[in-house]
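# Observations on the three-dimensional arrangement
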Amino acid sequence: MNNATRYTLSTTTSLGYDEAVVLVRELLVPEGFGVLTEIDVKATLKKKIDVDRSPYIILGACNPNLANQALQHEPELGSLLPCNVIVYVNDVGETVVSAVDAAQMLSIVGRDDLEPIAAEVRERLARVIAAIPG
């Protein structure tokens, strides 16, 4: 993984944007994630404020079993769901794939009983990012 911030797991790929979006969707499935929401940021910004930008999509991914476990511990956690995975083209034309680091995100909740769930979500999303070819 490269390009990671302290709150994301990220990589740059030689795949084109469309190919990367398809691959991310495929890689999420064996990790138990489905895509609940999809935001085409490029299209939305063009429509709402007439701004042209590079391709950028936010995929709201959810693993129902892990989400249910977390919500049983902390009902307010829904405000942090789903786990976002983004694909975009950066300023130099490279395709970037990035996922939220669930362990970092859930650390703000301050509940030790959520740490194992957050760690599992992080591990699964890290495998998705690691499977993206460089």
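Everything numeric here is computed off the predicted structure, so don't read it as measured data.

Analysis parameters
Residues numbered from 1 in each chain as written. Predicted model: local features only at pLDDT ≥ 70, side-chain atom pairs only at ≥ 80, totals over all residues. Heavy atoms only, no water. Axes fitted to C-alpha atoms, helices over the stretch in contact; angles between N-to-C directions. Helix = DSSP H or I, 4+ residues; strand = E, 2+ residues; numbered from the N terminus. Parallel < 35°, antiparallel > 145°, perpendicular 65-115°, else oblique. Left-handed = near helix turned anticlockwise from the far one by under 90°. Contact = heavy atoms within 4.5 Å. Buried < 20%, exposed > 50% of the residue type's maximum accessible area, 1.4 Å probe, protein only. Polar contact = N/O pair within 3.5 Å; in protein donor to acceptor, adjacent residues only side chain to side chain. 1 Å grid on protein atoms, 1.4 Å probe; cavity = no way out; pocket = protein on both sides within 12 Å on 5 of 7 lines; lining within 4 Å. Points joined across faces, edges and corners; volume = space filled by probe spheres on them. Nonpolar A, V, L, I, M, F, W, Y, C, P; charged D, E, K, R; others polar. Pairing = 2+ DSSP bridges.

## Looking at the packing of helix α3 (residues 64–73) against helix α5 (residues 115–130)
Running from N to C, α3 and α5 cross one another at 155 degrees; their axes reach a closest spacing of 10 Å. Between α3 and α5, the angle falls in the class roughly antiparallel. The two elements α3 and α5 cross, and the hand of that crossing is left-handed. Of the residues in α5, those in contact with Leu66, Gln69, Ala70 and His73 of α3 are Ile117, Glu120, Val121 and Arg124.

## Quick notes on the side chain of Asn63
Within the fold, Asn63 resides in the loop between β3 (56–62) and α3. In this structure Asn63 comes out as buried when scored by relative accessible area, which is 6%. At a separation of 3.4 Å, a polar atom in the side chain of Asn63 contacts the main-chain carbonyl oxygen of Gly32. Setting aside residues no more than four positions away along its own chain, Asn63 makes contact with Glu31, Gly32, Phe33 and Arg124.

## A short note on empty space enclosed by the protein
Any empty space left between atoms is shown by rolling a water-sized probe over those atoms. In total, this model carries one cavity of 30 Å³ or more according to the counting rule given. Its volume calculated, the largest cavity comes out at about 130 Å³. Contributing to the lining of the largest cavity are 16 residues, with Leu66, Ala67, Leu81, Cys83 and Val121 lying nearest its centre. Looking at the lining of the largest cavity, the elements that each hand over two or more residues are β3, α3, α4 (102–107) and α5. Residue composition of the lining of the largest cavity, by class: 15 nonpolar, one polar and no charged.

## Focus on the sheet that holds strand β4 (residues 83–89)
If you trace the five strands from one edge of the open sheet to the other, you get β1-β5-β4-β3-β2, paired in antiparallel fashion. Each edge of the open sheet is held by one strand with a lone partner, namely β1 (8–13) and β2 (34–40). Each strand axis lies, on average, 20 degrees off the axis of its neighbour in the sheet, ignoring direction. Bridge count between β2 and β3: six bridges; the pairing is antiparallel.

## Comments concerning the pairing of β3
For β3, a buried count of six out of seven residues is recorded, marking the element as mostly surrounded by other parts of the structure. As defined by bridge partners, β3 adjoins β4 across six bridges and the pair is classed as antiparallel. Residue Gly60 lies in a different strand from β4, and its bridge partner there is Asn84.

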